[in-house]
Each structure stands twice: as C-alpha cells, then as structure tokens.
Amino acid sequence: MNALSAVYGRVARLRRSWYERHPHARHVLDCPVISVGNLVVGGSGKTPVVAALARMLREMGEKPAVLSRGYARRQPADGVVVVSDRDRVLEPVERSGDEPLMLARALPGVPVLVSPDRYLAGRIAERRFDCTVILLDDGFQHLTLARTIDVLLVSPSDLTERVLPSGRLREGLDAARSADAVLVSGTRQDAARVSEALGVARSFTLVSRFAPLRPLHHGDAAPIAGNGTRVVAVAGIARPERFFSALRDQGWDVAREISFPDHHWFTPRDLASVQDVVSHVRADLVVTTEKDAVRVGERPRWAVLPMQVVIEPEDEFREWLRNGLRCRP
C-alpha cells in the first residue's frame, strides 16, 4: 500500500510540475478564474465556500458564474448543462448533480453550469451570460484550465494524512505551494500553523454557521429551532459528524443518526426504512442536510439544516480578493 501511495504521489507531482513548466498548455478564459479546491478526497466544505464567494463577488459589483464537474450525476450529458441562468433553475438534480443544484437554488442571479470540460462551460458563461469572473468548484486538480486565484481548503488534520490509497490525499502536501491562500477550519492560530507548514503565504479561517431548520414540504409550518423536538438525522455526505453535532447544539433531541454514502441516491426502500426508524423511536421529524435535500425532494415532516460559511477576517479577505482580481489578464 505504501509503495502504491508513493507511485500515486509521484505521478500527481509530475503532472502538476509539467503544467507549471508549460503554462501555454492550459486553456485561458477571457475573465478571471477563482478556483476553490482541496487536497483530500471526500467532503471538505467546498460548495458552501463557493456560495460565500459568489455572494461576496456580487456585493463587489462582479457578475460571477459557477462551473462544476457535476460529480455523481444520474443522467450525465455530453457538452454543457446550464443548471440555472440568472432567472431560474433549469435542470433537475438527475442531470445537474446534487451540489450544482444546491448552488443554483442558493444563488439566484448566478448562472451555474456543469461539464467535465470546464473551459467550454466557461466560454458559454462568458458569451451567454456576460460573466466577469468564473468560480471553479473543486478546481485545484483541474490543471488544464488557467486560474487567476487558487484558494485551497485545508483542515489541520490534513497535515497528517497520506497520499491515496494509504490515506485521503489526492496529491502530496507540497502541492499546496501552488495555492494563493489557504482557508482553514479552526482558529486563527490553526490557520497560521497550517499555512506555515504548507508554505502558503496567506491564510484565512472558515467559520460555519447553521441557521434554524426549514421544512422540506411547502405545506408544513417552519419548525422552531432548538425546542427539544425528537428527530431522526439523515445524512448522505462525506463527513456527517458535524451535521449531527450541529443539530444537538441547536437543542434538538437526536434520537437516531442514519448515514449513507456521499452523494447517495435515495431509493423508495431507503425512505421507507427511515420512516420505520421514525416510528420505532417515536420521532416527530426527520432532518437532513442541504445537499441531501435536493436528492430527497419535498417530503412532509422532513426538514433541512441550512449552513453557510464565513471567511474571516472578512474585510481582510475581501480586500485580498479584490486585489487579486485587479491582476486579471
């Protein structure tokens, strides 16, 4: 296993080095590209960061668009799928993927496009929507597209990870030096320690904020947050522990935690099984994540726990981002 990890890490290092030595081999869009990525496989909070950046860019007077690969779509399509334009959501979750649809719903006024060819998607975003900046979701390893700003999400625990298949790293930690800044979940001291260890000059912290629950069925009254109601928590995400903890922190009585694999497509049998658990533990409500909610659809007595992230210090990050965009080609 260790030998395989060494080979995997060397191949990833050679690939990144080749693109750094041959910048002309990268596709270049007319407008600046901000890449949001990470080093590990599995969930690291990239999608909420993309949403936060899109909102920040709009406040700065920019017209952003989001490009995604559309991982784990049930109905992958050739070419580019426009999940949403500036006015409405255009595609179902089967064609968009869960995270792009979640972004499309959360970001009215921001086009979201899905394609494995993100250069082609970017061209469409520029020409059809007159975008002024592109947000590349999960783009750190997408080296074929040139970027203006590379933002890397890192957890302090990533520093002790190993390269696949022995660990969860997509490439060695030395790859982080290609990033312009790291966003670190934890304290300001954690962020400084991580940036120093990785050799990245700028670091900022990520703070997650959970809002009160909202219903997944338009006919339901909005649940009251933290009122001790007995709930069953359902999550099909990579790291569900934070979701379960957030529910308890809000005061919900979590009678049962049910985990599914990341990007899991819920079957009627899955949903019936959840309902059996609800009856068995005498819960009043099922609560799930925003990403799972787009795959579950509308269901009575289900609710979703919304989450947003804040990048701190916010004013300092905004100014850093503004300066980076001034260097647009």
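Anything mentioned here points back to the structure above.
The text that follows walks through the structure, step by step, so that each part is easy to find. Model, not experiment: these values are computed from the prediction.

Re the sheet that holds strand S3 (residues 81–84)
- Strands sit in the order S3-S4-S2-S5-S1-S6-S7-S8-S14 across an open sheet of nine strands; the sheet is mixed. In this open sheet, the two strands that pair with only one neighbour each are S3 and strand S14 (307–312). Each adjacent strand pair in this sheet contributes to an overall mean axis angle of 25°, direction not counted.
- Across five bridges, strand S7 (residues 181–185) lies against strand S8 (residues 202–210) in parallel orientation. By the bridge assignment for S8, Val184 is matched with Thr205.

Description of the packing of helix H2 (residues 46–59) against helix H10 (residues 314–326)
- Two numbers describe how H2 lies on H10: the axes approach to 11 Å, and their chain directions differ by 70°. Viewed along their axes, H2 and H10 adopt a mutual orientation that is roughly perpendicular. Residue-level contacts link Leu53, Met56, Leu57 and Glu59 of H2 to Glu314, Phe317, Arg318, Leu321 and Leu325 of H10.
- Among the residues making up the contact of H2 with H10, the classes are represented as six nonpolar, no polar and three charged.

Some remarks on the sheet that holds strand S13 (residues 302–305)
- Taking strand neighbours across the sheet as the criterion, the five strands line up as S9-S13-S12-S10-S11 in an open arrangement whose pairing is mixed. The open sheet is flanked by strand S9 (214–215) and strand S11 (253–259), the only strands paired with a single partner.
- Pairing between strand S12 (residues 285–289) and S13: four bridges, direction parallel. Across the sheet, residue Thr289 finds its bridge partner in S13, namely Leu305.
- Packed onto the sheet, helix H8 (residues 268–281) meets strand S10 (230–235), S11, S12 and S13 and runs at close to 155° relative to S11.

How each quantity is defined
Residues numbered from 1 in each chain as written. Predicted model: local features only at pLDDT ≥ 70, side-chain atom pairs only at ≥ 80, totals over all residues. Heavy atoms only, no water. Pairing = 2+ DSSP bridges. Helix = DSSP H or I, 4+ residues; strand = E, 2+ residues; numbered from the N terminus. Axes fitted to C-alpha atoms, helices over the stretch in contact; angles between N-to-C directions. Parallel < 35°, antiparallel > 145°, perpendicular 65-115°, else oblique. Contact = heavy atoms within 4.5 Å. Nonpolar A, V, L, I, M, F, W, Y, C, P; charged D, E, K, R; others polar.

All quantities given are derived from atomic positions and should not be read as evidence of function.
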